[in-house]
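# Working through the structure, step by step
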Amino acid sequence: MSSPRSPAPATVQDCWDCMLPGPPSRSNFGSADVSPAGLLAFPSGSSISVVDTRSMQLVVSLPMPPPSSATSSLSAFVTSVRWTPLPLGRDLLSTEPSSSHLLLAAGDRQGRIALLDLRLKSPVLWFDSDDRLAVQDLCWVQARPESYLLAVLSGFSSLSLFSSSTGRCFWKYDAAPEILSCVRRDPFDSRHFCVVGLKGFLLSVTVLGETEDDVVIKELQIWTECNELLKLERELAGGGGGGGVAGSSTSSASAAFPLYAARFAFSPQWRHILYVTFPRELVVFDLQYETQLFTAALPHGCGKFMDVLPDPNNEFLYCGHVDGRLSTWRRKEGQQVHEMCSMEELLPLLGTSVPSPSVLALAISQSDSTLQNIGKLYSDAPDSPFSAMEFDNPFDFCDAPLVLSKTHLVSISDDGKVWNWLLTAEGEYNHKDDKDLDVVSNITELSVTGTNANSVVASTGGVEMEVSKKSEQSNNGRSRHSSSTISHTEMSVKISLVGQLQLLSSAVTMLAVPSPSSTATLGRGGNFPVVAVPLVALGTQSGIVDIVDVSANAVAASFSVHNGTVRGLRWLGNSRLVSFSYTQVSEKTGGFINRLIVTCLRSGLNKPFRVLQKPERAPIRALRTSSSGRYLLILLCDAPVEVWAMTKTPIMLRSLALPFTVLEWTLPTVPRPPQNAPAKQSSLPPKDQTSGASDRPSSDTKGSDGSQDDTSESFAFALANGALGVFEVHGRRIRDFRPKWPASSFVSSDGLITAMAYRLPHVVMGDRSGNIRWWDVITGHSSSFNTHREGIRRIKFSPVVPGDRSRGRVAVLFYDNTFSVFDLDSPDPLANSLLHPQFPGTLVLELDWLPLRTDKNDPLLLCIAGADSSFRLVEINIADKKLGFAHQPRSIKERFRPMPLCSPILLPTPHALALRMILQLGVKPSWFNTCSTSLDKRPHLIPGTPKSSEDLRSYMMDVQTVGDPVVPELLLKVLEPYRKEGCILDDERAKLYAKVVNKGCSVRFAFAAAIFGESSEALFWLQLPHALNYLMSKSINKSPQKATVSASVPELDNASMVTRITSKGKSASGKEKKDATSQGQLRLMAFEQEELWANASERIPWHEKLEGEDAIQIRVHELVSVGNLEAAVSLLLSTPPESEYFSANALRAVALSSAVSKSLLELAVKVVAANMVRTDRSLSGTHLLCAVGRYQEACSQLQDAGCWTDAATLAATHLKGSDYARVLLRWATHVLRAEHNIWRALILYVAAGAMHGALAALREVQQPDTAAMFILACREIHANIISDLGNSDDESKSSIKDKLPHLPGLGPENEDVIAVGEYFGQYQRKLVHLCMDSQPYAE
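This write-up is about the structure you can find in this document. (Residues numbered from 1 in each chain as written. Predicted model: local features only at pLDDT ≥ 70, side-chain atom pairs only at ≥ 80, totals over all residues. Heavy atoms only, no water.)

### Some details on the pairing of strand β13 (residues 169-174)
Here strand β12 (residues 158-163) pairs with β13 via five bridges, running antiparallel. Within β13, the residue paired with Ser160 across the bridge is Lys172. Counting the residues between successive antiparallel strands, the hairpin from β12 to β13 contains five residues, one of them, Gly167, with a positive phi of roughly 80 degrees. (Pairing = 2+ DSSP bridges. Helix = DSSP H or I, 4+ residues; strand = E, 2+ residues; numbered from the N terminus.)

If you want it as C-alpha cells, here you go:
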C-alpha cells in the first residue's frame, strides 16, 4: 500500500487537544478491531476510540470529519473500522519514515470511507464511494506485494473492492436478494476472503490483481433456519411502505436487524475451515469440501449468538451472545465437532444500572498470544510447560502447573465501558515415567523406540536423533510440555476481569466546570480556601454524573445519581455537586416530582434535599450556584425563585417572586495586578468611555471587586419586561446591590434576554435576536453590537490572570448549537471574533471555560459537550493579539497518566525502529528498571540496578557480530527519555524478555517482532532453529561416514510406512507428536515431513460421514496423499455402478490395489472388469502416478493444479532428500509470489536449503535489518549444532565439524552475505540520523 507520509514526526496527543467520546451504541454496528500490536479501535458515535489493551488507557479519539464544510453538515455514525495489516516500515534508505502501520480504515452510515492516520488524527485518503449506502463491514486484501485492497460491504447486498493507492472502486458485486453481514480475510492466503449473509449465503473471493477480470468468485450456501429473518423482513417491508429489504434502501443488515447477526471467522490453525454463527446456530464449514462439517444449536437459556472468535493458540471458540454472556467451545480430538465447556457472564450483575447495559463487540489480542508462544517454548521451569506466562497475577503461582493457556478478550458495552477479561484454560497433567513415554524434549525431534509398536520412525535416520538430542541443551528445554500429557476431559475455562476503561457512560446533557472563589472553603469544613481542580462534571441521560479529569483525558469517577436524565448540574466549591432531575406524575394531573441531590466527590454519597411529600405544579428550570458554593438559586417554571444556603443541611433562605428570565452569580473576582505593573487597560471600547480616568479605578473602589464585604456575593438578573438588576446575598439577607444604571436606550424591547454572564464589574447579556450588550455596574458604561446570528443561549467569561491584555473575552453559544468567541475589549468585537459556527462534525450542546490559568501565557481552554455525546477540550490561541485555534505540539510532558503507556508501536517511527534493533541485538534486562517518580509503586522484579546515563554501552550484551558497534549506544541515548518515564515495556513483557534474552538471538528476534505486532515474523524466528536442525540433519546423513546407515533408512521407512498406514496406533502417535510440537500458531509454519503428514491425517476423520460423490473424490485424494491406499481402494469400490464417477473410480481402484497386495488387486479387478468406459477427473492422474511410484511427477501435477498443501503432504509421505527439497522450494516460491506470506516462504526456503532464495526475498521486500538478523541467527544456531556434535564421543560425529564449517550459502565470502552487511550498515547510519532529528512524543 502506498501510504501518505507525515511531514514531521507528529505527537500522538497534541497539547490539550483532548477528546472523550460518548458511549458506543448499536448504531455503530458492533464494530471493533484489535491491531496486531494490541491497539483496540472501535467507533463511538461519530468518533473512533483507540485504546491500549494492555494498560486499558485511551490513546486518542479520532472524530470522523463531516461530509463538507457547510454549517449544516454533521458527521454520521461510524459503522466499521479496520486496521491496515502493514507492519512497521523499515525501508529507510529509499523512502522517508511513515506512519503506514498506524492507518485505520473507517466507514459510516452515509457510505463514506476514509483512511485515517493515527498520528495526524485526520484522513489521508477518501475512497470514492458514491452509492451513499451504509457501510456494513470492511476487510483488507492483498493482491500484490506492494498493493492492498479494501473490500467493503455496503447496504444490504453490495460488495465493492477499492484500491488503497487511488481510492477508486474497480469491482462491484450485487448479491440481492441476499443480505450480506460479514467479511473476513483468509489468514492462510491474503488474496482470499469470504462474505457471509444472514440467510446462509457464502461468497468466496480470490483477488489476483486490480482489474475487474482479476477477481474470481465462488457462490456457496450454508444451510440455516431463517424463518425469524423472513418475519423480520416482512415487518420491515410493511413499515417501509412495502418496499423490499434489498431494494433502494440505504440501510444495511445491522441497521435493519440489530439483534439478528451472522458472523464468521477463519480458523487460525486449519486451512479451509470456517466457524460461522447465525442467531441460533454454530456451524463449522469446510471450503474445500463446500459443506458443513458440524452444526450446534443455540444452548438452552442463552441469548442469540452475536459473534464468534477462535483462540489463536488453542482449539477453542469463544461465542458472544446478545444477552451479555460468553460461551466457550472446545474441539473434540480427531473430529471437527465442538462441545460447549463453559458459559460466563460478561456483565457483572452487581453495580449495573436498570435497564442493564448490552455487550456490543468482542475482540481478541493477537500480540498476547504470540508472546505466550514465546513464553511456552522458552520456559525455564521444569515442572510447568507454561509457567513463563504466569505473570498476569503474581499470586497465582499455586495454580501455575495447571494452566494450559491464557487468552485476553476485550468486550465493549453500551455504557461506555471497555472490559479486559483473562480466559484461563486449566487441566490436569498426567506425568508419566520417561521409560514408558520416550518422547523428545525438543521441538525438532521425533520419537524413536525400538520396542514400542506405536512409535514413529524418523524419516532421516539415526544421526538426526543425535543432532536433535544434542540441540536440546542449546534450546534450553523449548518444549518441556512433551514430558507430560494433558487430561482434556478435566479441563475447565475460567474468566476473570483484569482491567477496565470507563469512557462517558451516556449521552451528555449538562456540563459544569468548578470556578471556586477565594472565599470558598473545603467541603469537609475548616477555613482553608479551595483550589481550582482540573475536573469537569458531565450530566448524562441515564442519570449518571461522570467526573472527567482533563489533565489525564479520562473519566476519574462516575456516580449514579438520578433515575432519569440529569437536567441541571452545578459545582459547590470543588468537591461537591448539586444536580436535579424531574419526572412527570401523569399527563392528566400534570404534577412533577423534582429531585435535588448533593453529591460528595470524596465519599461518593448522594444526599437528597428539598424532598416534598406531594408533586409540584412546576418543574425545576435551572440551578445557579455561587462561586463560593455557599448559595444556590433554584429556578422553577412559572414559580418564585428559591434561595438556599448550601450548608451541611441545606436551608432555604427565602423565595423571590419576580418574573426572572435569567440569573447568573458573579464569577470569582479578577486578581489585582502587581503594584509595579502598569495600570490596567479599560474593559470597554474607547467609543463607550466617557472618561478614561474615571474608568481605570472602577474595580478598585470597593475592595478589589466593588463588593461591600468579602463574604457577600451578588447575582445579576433580567426580568421578563427587560428590566435588569443586581442583588447581593450576605448571610440570610438579600439586598439590592444598587448598581449604576446604563442609559435608558440600553434596555431594548425587541429582544428577550436569554443569556447572561457576570463578573464584577461587568454584566454581559444576550437576547433572542442575537444582540450582545455589556454594562459596567460601577460606572454605568455600556455598549452593544449585533452578532447577526440566532438567539443566544449561553455566555461565558474567559478566566483572567494578572497581566492579561484583555478581560473581556467571552464564549457565546447560540440556539443553533454553534458558538463564537468575542473579545469585548477590542474596538470591533464582531470583526475580531473567533467565528467558529460549527465545531467540526458535531453541534455544541454546552460549553464553558476551564479556569486553570495561572499565567498570562497559559492557553485558554474551552470545554465543549457535543451533540454526539463527546466531551472536547479545545485550546484557544491568544498569541499575537488574535484569536484562533492552536494545534502546536509541545515537547514537554503534556498529560498525566496513572500508569505509563507502554506501547512501542506509538513511538515516532525512527524511535520505534531503534527500540526494535536494541531488543534484537540484546540489551541487559536491568535497562528496563527506572527511577522515575511516576513508577514508584511498580514492582521491580527484574534483577539488576539501573546505571548512570553516561555508561550506556554497559547495557548492551556482548553478542553483536553484525553492523556498527557504535550504533547501539547512540540508539540507547535516543531512547533514554522513554526509559526514564518507564514507557518502553511494561513489567510483564520486561520479565519475559529477561527470561529469554540469553536463549539465543532467534528468540530475541521473535520477541521484538511480537512486541511490534508482527506475529508471522515472530513465528518464523521461533521455527528457524527447527528448520536449520532439519537441514543440518539432511547434510549429516549425506556424509560418507554414515553411508551404511543412510542406505538402510529407505527399507526401514518403507516398512514403517505400511505399519503407519494400517495401524491405528500410528495415528495416535502422530497426534501425540502434533500436540507436543505443533500447538497453536506454530502449526502455520509446519514444513517437516512428519508434521505435514500428521496435520493431513488429523483432517481425514472430519469427513468420514460426508456423503456425495464430490466429497468422496476429495476423501480419496486425502487418503492417497497420506499413503493409506487400502482405505482409498475400499472407498473407491463403494461407488455405485450408476454413478458418473464409477469408471474413473474403478480404474484408480485397480491401479492402487496393485500397490497394496495381490489379493486386493484380484478383488478390485473382479468388481470393475466390465465397467471401464468413461474418462476421469484431473486429479485421478496423480493417483495413477502414485500407484506406479512416480511421486515426484504426481507432486508436480498437484502443484500445477494449485493443490500446494496436498502436494507437500504427498511429498512428505513418499519423497526424501533433494526430491522433497524441490517440492518445498517450488512451494516457497508460490507462497512468496502468490500468497504474499514472506515469513512462511522463508521457513520453506530454509528447510529446502535455499539460503540464497531467503536472502533474495528479504532484499526484495527491502528489510535490510531482517536480512542481517537472519544471517546472525542462522550462524548462531549452526554454531550450536556443530559445537554439540564436536563435543560428542563419537568420532564420526565430531568429524562433521570439519565438513560443515558454514551453512551452505551463508559463508562469510558469499557475495550476498557481504552485500547484506553493507546494506545493513547504511540502514543503521540512516536510522541514527533520523532518530536524532525526531523529538520524543510527549505521553
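### Side note on the environment of Ser1121
Its location among the elements puts Ser1121 in helix α14 (residues 1109-1121). By relative accessible area, which is 4% here, Ser1121 ends up buried. Separated by 28 residues in sequence, Ser1121 and Trp1093 place their C-alpha atoms 8.5 Å apart. (Buried < 20%, exposed > 50% of the residue type's maximum accessible area, 1.4 Å probe, protein only.)

### A closer look at the sheet that holds strand β17 (residues 215-221)
With respect to topology, four strands assemble into an open sheet ordered β14-β15-β16-β17, the strand pairing being antiparallel. Edge positions in the sheet fall to β14 (180-185) and β17, since each of these pairs with one other strand and no more. Each strand axis lies, on average, 20 degrees off the axis of its neighbour in the sheet, ignoring direction. In terms of strand pairing, strand β16 (residues 201-207) meets β17 through seven bridges, oriented antiparallel. Along β17, the bridge assignment pairs Leu202 with Leu220. (Axes fitted to C-alpha atoms, helices over the stretch in contact; angles between N-to-C directions.)

### A word on helix α21 (residues 1217-1233)
Taking 1.5 Å per residue as the helical rise, α21 with its 17 residues ought to reach 24 Å, and the 25 Å between its terminal C-alpha atoms agrees with that figure. Looking only at α21, the buried set comprises Tyr1220, Ala1221, Val1223, Leu1224, Trp1227, Ala1228, His1230, Val1231 and Leu1232. (Expected span 1.5 Å × (residues − 1).)

### Description of the packing of α14 against helix α15 (residues 1125-1133)
Taken N-terminus to C-terminus, the directions of α14 and α15 make an angle of 160 degrees; their axes are 8 Å apart at the nearest point. Comparing the axis directions of α14 and α15 gives the class roughly antiparallel. The two elements α14 and α15 cross, and the hand of that crossing is left-handed. Taken together, the residues of α15 that come into contact with α14 (itself represented by Ile1112, Arg1115, Val1116, Leu1119 and Val1120) are Leu1125, Ala1127, Ala1128, Leu1131 and Leu1132. (Parallel < 35°, antiparallel > 145°, perpendicular 65-115°, else oblique. Left-handed = near helix turned anticlockwise from the far one by under 90°. Contact = heavy atoms within 4.5 Å.)

### Section: the sheet that holds strand β10 (residues 135-144)
Across the sheet, which stays open at both edges, the four strands sit in the order β10-β11-β12-β13 with antiparallel pairing between neighbours. Among the strands making up the open sheet, the edge pair consists of β10 and β13. Recorded for the sheet is a direction-independent mean angle of 20 degrees between the axes of neighbouring strands.

### Remarks on helix α19 (residues 1191-1200)
Along α19, the residues that are buried comprise Tyr1191, Ala1194, Cys1195, Leu1198 and Gln1199. Looking straight down α19, one finds that the buried residues subtend no more than 135 degrees of arc, so they occupy a single side. Once α19 ends, the next one or two residues include Gly1202, with phi positive near 85 degrees. (Arc of directions from axis to C-beta.)

### Details of the pattern of salt bridges
Taken as a whole, this structure holds 38 salt bridges when the rule is applied. A salt bridge links Asp189 to Arg191; the nearest nitrogen and oxygen atoms lie 2.8 Å apart. Here Asp189 falls in the buried class, since its relative accessible area comes to 7%. Residue Arg191 is classed as buried on the basis of its relative accessible area of 13%. Of the charged contacts in the structure, one is a salt bridge between Glu728 and Arg735, with a shortest N-O distance of 2.7 Å. Taken together, the shared-partner salt bridges in this structure form one network comprising Arg54, Asp368, Asp986, Glu988 and Arg989. (Salt bridge = Lys/Arg side-chain N within 4 Å of Asp/Glu carboxyl O.)

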